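Observations on the model geometry
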Amino acid sequence: MFGLSEDCILEVPEEYYTLKDYEGNVPRWCPGCGDNTVLTVIQRLCRDRQLPPEKTVFVSGIGCSSRFPHYMKTYGFHGLHGRAFPVAEGIKFRRPDLHVFVATGDGDCCSIGAGHWVHAVRYNMDLTVMLLDNEIYGLTKKQTSPTSRIGTKSNTHPKGSILPAINPLTTTLGISNVSFVAQTADWNPPHMYATLMAAHEHKGFSFVRILQRCPHFNADAFETLAHDADASLLLRHQKGIQMDAALEKRYPNILEHDPSDLNKAREVAGREDKIPLGLLYQNTSNACYNDYGAHNMGFTIEQKKEALNRQLDRYAV
Amino acid sequence: MKVVMSIKNILSKVTSSDSGKAVTLDEHIIEIVSDSGEGAQKAGQSFGALCAKMNNGTWTVEIIPAEVKPPARSKAGASGIRIRIGSKAVTNMGDEANVVIAFNEQVLYGRIDQKAYKAGTILLLENKWATHIDPEIVSQYTQAVEEFRTMGMIVHEIPMEEECQKIVENPALGKNMWVLGLLCGIYDRDMSIAEAQIKHTFSKKSANVIEKNINLLNAGRQYAVTHLDFQYNIPPGSDTSPKVVMNGNEAIGMGTIAAGIEVCSMYPITPATSASHYLAEFFESAGGLVHQAEDEIAAIGFAIGASYAGKTAITITSGPGMALKTEFLGLAVMAEVPLVIVDVQRGGPSTGLPTKVEQSDLLYALYGQPGDAPKIVMAASTIEECFHFVIVARQLAEAFRMPVILLTDANLATGVQPFPRPEFNPDWVAPPVDQSPWNPEVRPYQWDPGTGLSPRPIPGQKNGMYTLTGLAHDSNSKVAYDAAINQVSSDNRSRKIATFRSSLKPPVVMGNDEGDLLIVGWGSTRGAIEEAVGKVQKMGGRVSSIHLRFLSPIEPGLPELFKRFKKIMTVENNYGDKLDGSIITSENRRYSQLAWYLRAQTLTDVDFYSNVHGQPIRPGSIVNLIKQELGIS
Ligand SMILES: Cc1ncc(C[n+]2csc(CCOP(=O)(O)OP(=O)(O)O)c2C)c(N)n1
Ligand code: SF4
């Protein structure tokens, strides 16, 4: 970015990306859909970090939220329902130079893709994951999602959902090798920005659950939470998400939570009285699987020839 | 001069007064059968490699029980290996065995059911069971020996463990190398090569272990020379050009290295797994890595992700795994992502016959996706092709920007055969991805209206940014809200198949290009078909054969060729109804897979011979079939 270097020479980057450089197709989400806010926040983040659009990849599954890559002017991969993680892993495995983001929905990640989710945490690849959780299936028009709370009325459960919801935070925190888990909300863009920025800067699998309003099919889900700050529990810590003091003041319930404490993180994530917002857990010491993938890259044709001939020698008659 | 002799002739020779003098033969089929874990396969593989090194044609195929550890001394437990050796190239496992070495008599019953032996087959049988403390085992043994003799087999009872005990304390470890020595004696093998083979086999073991095994080897040979009254000589071929010997799965793995592929993602499934075992050990030293995914869906998704990002990727699987990959396969077609998928076919729908041979995934490979999903489908018919076809598949996948399915099967996967040592060609290796800026005027799916081909931007390339999608899309990769665009993009994806087909040559006909019967095959049946067709041609039968390597697109020239034969028939290892004159009629008959496909493609009445016994089709049964069709007795 622009700035004065120590010897007072003005540093001007060769190319400076503006917000426009990250704008893809015009979003086709419903008016008031929380996904719009996430898009704006992410575009700002890319601009502020000056991520070269050609070095940035957004990977998604299927769902309203999974349309995300189309609305970015970076590289994108809009694949199959529930299958964003394996694709993102394949991309990052031998292309550590790319910034890889995953946009997934609650049905996408926690239902059809749940198997991949568990393993994605375990692989701990350097990915930034945004779980856009509206507690309902949007694209297929209002079916129960695994995160729908008991009693949520939907087209598949007109009398109300009967099963307890999966808590994506406690679930992720329960998987071995967990690396970064945070929660934020679409109605608090500054908090979302700070959270996603921390996630992006974290080396490893950073999992951010974004409470996302779907006014079209699940308008009630976050009604209270979005309008009554008392229902939230803001997590604060010097190692946590840093927030503007004025914004912080709006939250009457603040908890000093050290994100390096896994047991405490699980406890806070499981709270139902007050919904935590902030960084629940971060561990920077776990190895990243993509570092393993990067260790023997770039063999020349000559090296490959030698390797093949060594093999043929072993099998020569 | 080489003489082909019937078993009767051989017997009269070996029992004649000049016994001890080797009988010269064109070829022989040997089996070593044991309970699993007794090392029969190691002995057989060593023997096969040793014969290949002496320049004999060789084909070895494993005899695998369905369970990992079936009960000992049981009919279902047969675990072992068949080795067919010849003076010329050997292309298949052949018919009934000539010599069988067995560690117990019960395992032979399963092989007898599979018609692996005949009257005249020589059985060399471990005789320790005759004096076993369990009287039941003793009676089973004596009864079996009697039964085998009534069947016409020539049984030699041999104190294998007793002999081994003279050299090692625990004869169970090492008996197999004694048996290797026994075979070296019977077939007069070069002992310096045999010793070198043992050193190679036990290269990770101590000098002491190697020495013991060499002692066992020599003792086994000495036993054959002094105690057996027969010896065979199978002269080597004259072609001494450099060769390599390996099984089909190793060839797939080595082809992956030769193709310069950088990512193999897989999920274990028999009989595909050993290809990834091979790669797991050696891929890193060639600049590649194996990723063991959480399931087959993730395995192909991972490979597609790597390929999208500009790395060449392969995924290797078998039937049930192939089924799981379907949705992603369709995405690769739709979004035009290059990818090599190897399907080492196994028997049956569902989990079926994991370790047995079948060629039942052809129609699935061609049509197994929802919607219209054109892709290249090819099939290897030899071990050598397993190696080269991975390279070809990689090149085609990238040139045509589509998935390429390479079909092999359990017969090729475990069959071991020597083939000419490949000479490295730099074109085999995928060039590193060009990361120079993309011309922003060029769209991500800028289909050439003539060929359907389009260039491909890769992440990291400036100005090339696009979002790949499995939704119907226009040439800008924009989601097609106007459904008519689907017609245009589908046309273009399909056109690529025609473009590739225009570069293919018609298949080579073995024999005359007209006659009474044309046999059409694909995949691993080639060796058996060509051997059988060759035999009948020598008898004067007007029969020819072709073998298809490309199934999608289908190779050109077939309708014209078919017109020049009175009858067309496929020979395949998959299911087709046999006409029974009552329930199954010509109207409701379900055709075997290639026959079905050829009928549709060529509007020709194509008949078939097929089965799903779990065994490779033998040349003998194809000879019988052709003779019956041609009315030769
Ligand atoms: C294999 C498969 N099954 C089902 C579907 C249909 N489908 C599309 S999106 C979706 C649910 C999306 O819900 P969610 O992940 O919560 O995303 P949202 O639309 O709410 O953002 C389903 C079931 C599909 N595309 N593929
Ligand atoms: S249906 Fe819901 S999630 Fe989908 S775009 Fe509309 S508001 Fe957003």
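Residues numbered from 1 in each chain as written. Chains lettered and ligands numbered in written order. Predicted model: local features only at pLDDT ≥ 70, side-chain atom pairs only at ≥ 80, totals over all residues. Heavy atoms only, no water.

Regarding the overall build of chain A
Helix and strand counts for chain A stand at 11 helices and 11 strands. Over its C-alpha atoms chain A spans a radius of gyration of 21 Å, differing by no more than 12% from the 20 Å that the globule rule assigns to 317 residues. Counting the 317 residues in chain A, one finds 56% classified as buried. Of the contacts made within chain A by residues no fewer than 6 positions apart, 67% connect residues no fewer than 24 positions apart. Here chain A displays about 13,300 Å² of accessible surface, and carbon together with sulfur accounts for 53% of that area. (Helix = DSSP H or I, 4+ residues; strand = E, 2+ residues; numbered from the N terminus. Rg over C-alpha atoms; globule rule 2.2 N^0.38 Å. Buried < 20%, exposed > 50% of the residue type's maximum accessible area, 1.4 Å probe, protein only. Contact = heavy atoms within 4.5 Å. Areas by Shrake-Rupley, 256 points an atom, 1.4 Å probe, with all protein chains shown as cover.)

Concerning the packing of helix α2 (residues 84–93) of chain A against helix α11 (residues 296–308) of chain B
In helix packing, the relevant descriptors are the interaxial angle and the interaxial distance, both defined with respect to the helix axes. Closest axis-to-axis distance for the α2 of chain A/α11 of chain B pair is 6 Å, and the angle between their directions is 45°. Between α2 of chain A and α11 of chain B, the interaxial angle falls into the category oblique. The way α2 of chain A lies across α11 of chain B gives a crossing that is right-handed. On α11 of chain B, the residues touching Pro86, Val87, Glu89, Gly90, Ile91 and Phe93 of chain A of α2 of chain A are Ala298, Gly301, Phe302, Gly305, Ala306 and Tyr308 of chain B. Classifying every residue of the contact of α2 of chain A with α11 of chain B gives eight nonpolar, three polar and one charged. (Axes fitted to C-alpha atoms, helices over the stretch in contact; angles between N-to-C directions. Parallel < 35°, antiparallel > 145°, perpendicular 65-115°, else oblique. Left-handed = near helix turned anticlockwise from the far one by under 90°. Nonpolar A, V, L, I, M, F, W, Y, C, P; charged D, E, K, R; others polar.)

Remarks on the packing of helix α17 (residues 526–538) of chain B against helix α20 (residues 619–630) of chain B
Residues and elements named next belong to chain B. Between α17 and α20, the least distance of the axes is 8 Å, while the angle of their chain directions is 45°. Taken as axis vectors, α17 and α20 run oblique relative to one another. Where α17 crosses over α20, the handedness of that crossing is right-handed. Contacts from Ala528, Ile529, Glu531, Ala532, Val533, Lys535 and Val536 in α17 reach Pro619, Ile622, Val623, Ile626 and Leu630 in α20.

Remarks on the sheet that holds strand β10 (residues 263–266) of chain B
Two modes of strand pairing occur in sheets, parallel and antiparallel, and in both the strands are linked by backbone hydrogen bonds. All names here are of chain B. Spatial ordering of the open sheet is given by β11-β10-β12-β13-β15-β14-β20, a layout of seven strands whose pairing is mixed. If you trace the sheet from one side to the other, it starts and ends with β11 (289–292) and β20 (550–552), each paired once. Going from strand to strand, the sheet's axes swing by 25° on average, the running direction of each strand aside. When strand β14 (residues 376–379) meets β20, the two strands line up antiparallel, connected through two bridges. Looking at β20, one finds that Met378 is bridged to Phe550. Sheet contacts for α11: β10, β11, β12 (313–317) and β13 (339–345); angle to β10, the most-contacted strand, approximately 160°. (Pairing = 2+ DSSP bridges.)

Observations concerning helix α10 (residues 273–282) of chain B
If you check which residues of α10 of chain B are buried, you get Thr273, Ala275, Ser276, Tyr278, Leu279 and Phe282 of chain B. At its buried positions, α10 of chain B is contacted by α11 (301–314) of chain A together with α9 (248–258), β10, β11 and β12 of chain B.

Points about the environment of Thr195 of chain A
Residues and elements named next belong to chain A. Relative to the helices and strands, Thr195 resides in helix α6 (residues 189–201). The class for Thr195 is buried, based on a relative accessible area of 0%. Along the backbone, Thr195 and Gly278 are 83 residues apart, and their C-alpha atoms lie at a distance of 7.0 Å. Setting aside residues no more than four positions away along its own chain, Thr195 makes contact with Phe180, Ala182, Thr184, Val208 and Ile241. Looking at Thr195, its side chain comes within polar contact range of the main-chain oxygen of His191, at 2.6 Å. (Polar contact = N/O pair within 3.5 Å; in protein donor to acceptor, adjacent residues only side chain to side chain.)

Comments concerning the sheet that holds strand β18 (residues 515–522) of chain B
All names here are of chain B. The parallel open sheet is built from four strands, whose spatial order is β19-β18-β21-β22. A single partner strand is all that each edge strand has here, and the edge strands are β19 (543–548) and β22 (606–610). Sheet twist, expressed as the mean angle between neighbouring strand axes with direction ignored, is 25°. Bridge count for β18 against strand β21 (residues 565–572) is five bridges, and the pairing is parallel. Directly across from Val520, in β21, lies its bridge partner Thr570. Most of the contacts of α17 go to β19, to which it runs at about 165°, and overall it touches β18, β19 and β21.

Side note on the site of ligand 1
Residues in contact with ligand 1 amount to 17 residues; listed here are only the nearest, Cys64, Ser65, Gly107, Asp108 and Gly138 of chain A. Proximal residues around ligand 1 fall on chains A and B, making this an inter-chain site. A distance of 2.7 Å is found between an oxygen atom of ligand 1 and a backbone nitrogen or oxygen belonging to Asp108 of chain A. With respect to ligand 1, the backbone of Gly138 of chain A contributes an N or O atom lying 2.9 Å from an oxygen atom. Contact with the protein chains hides 77% of the accessible area of ligand 1, taken as 590 Å² for the molecule alone. (Near = heavy atom within 4 Å.)

Brief notes about empty space enclosed by the protein
Residues and elements named next belong to chain B. The tally for this structure, following the rule as stated, stands at five cavities of 30 Å³ or more. Considering only enclosed or pocket space, the largest cavity measures out at about 60 Å³ in volume. Every residue lining the largest cavity is listed: Asn92, Met93, Gly94, Asn411, Ser524, Thr525, Ala528, Asn573, Pro616, Ile617, Arg618 and Pro619. When grouped by side-chain class, the residues that make up the lining of the largest cavity number five nonpolar, six polar and one charged. (1 Å grid on protein atoms, 1.4 Å probe; cavity = no way out; pocket = protein on both sides within 12 Å on 5 of 7 lines; lining within 4 Å. Points joined across faces, edges and corners; volume = space filled by probe spheres on them.)

Quick word on the interface of chain B and chain A
Each partner contributes residues to the interface: chain B has 68 residues there, and chain A has 53 residues. Carbon and sulfur atoms make up 63% of the area that chain B and chain A hide from each other, which totals about 5,400 Å². With its nearest N and O atoms 2.9 Å apart, the salt bridge here joins Asp313 of chain A to Arg421 of chain B. Taken together, the connections running from chain B to chain A amount to 34 residue pairs in polar contact (both at pLDDT 80 or more). Listed by contribution, the elements that provide at least two residues to the side of chain B that touches chain A are α2 (40–53), β9 (243–247), α9, α10, β11, α11, α12 (319–335) and β17 (467–469) of chain B. When grouped by side-chain class, the residues that make up the side of chain B that touches chain A number 39 nonpolar, 17 polar and 12 charged. Bridge count for strand β4 (residues 75–78) of chain A against β17 of chain B is three bridges, and the pairing is parallel. Looking across to β17 of chain B, one finds that His78 of chain A is bridged to Thr469 of chain B. (Buried area = accessible area lost by both parts, 1.4 Å probe. Salt bridge = Lys/Arg side-chain N within 4 Å of Asp/Glu carboxyl O.)

Brief notes about the confidence of the model for chain B
Residues and elements named next belong to chain B. A residue-level look at chain B finds 97% of positions with pLDDT of 70 or above and a mean pLDDT of 94. Predicted confidence for residues 1–19 stays below pLDDT 50, and this span has 27 contacts to residues more than four positions away or in other chains. Scoring the predicted complex yields pTM 0.94 and, for the interface, ipTM 0.96. (pLDDT = per-residue confidence, 0-100.)

So, the site of ligand 2
In the neighbourhood of ligand 2, the contacting residues comprise Trp29, Cys30, Cys33, Cys64, Asn134, Gln212, Cys214, Pro215, His216 and Phe217 of chain A. Residues of the shell around ligand 2, tallied by class, amount to seven nonpolar, three polar and no charged.

Some points on the layout of surface pockets
The computed volume of the largest pocket comes to approximately 1,600 Å³. Looking at the largest pocket, it is lined by 45 residues, and the ones nearest its centre are Tyr315 of chain A together with Gln45, Glu62, Asn247 and Glu250 of chain B. Listed by contribution, the elements that provide at least two residues to the lining of the largest pocket are α2, α7 (191–201), β9, α9, α10 and α15 (410–414) of chain B. Among the elements that take part in the lining of the largest pocket, α2 of chain B stands out by supplying seven residues, more than any other. In terms of residue class, the lining of the largest pocket is built from 15 nonpolar, 20 polar and 10 charged.

Thoughts on the side chain of Asn124 of chain A
Residue and element names in this part refer to chain A. Examined against the element boundaries, Asn124 turns out to sit in the loop between α4 (114–123) and β6 (128–133). Among the polar contacts made by the side chain of Asn124, one reaches the main-chain amide nitrogen of Phe205 at a distance of 2.7 Å. Once residues lying within four places of it in the same chain are set aside, the contact partners of Asn124 are Asn177, Ser179, Gly204, Phe205, Asn286, Ala287, Cys288, Tyr289 and Asn290.

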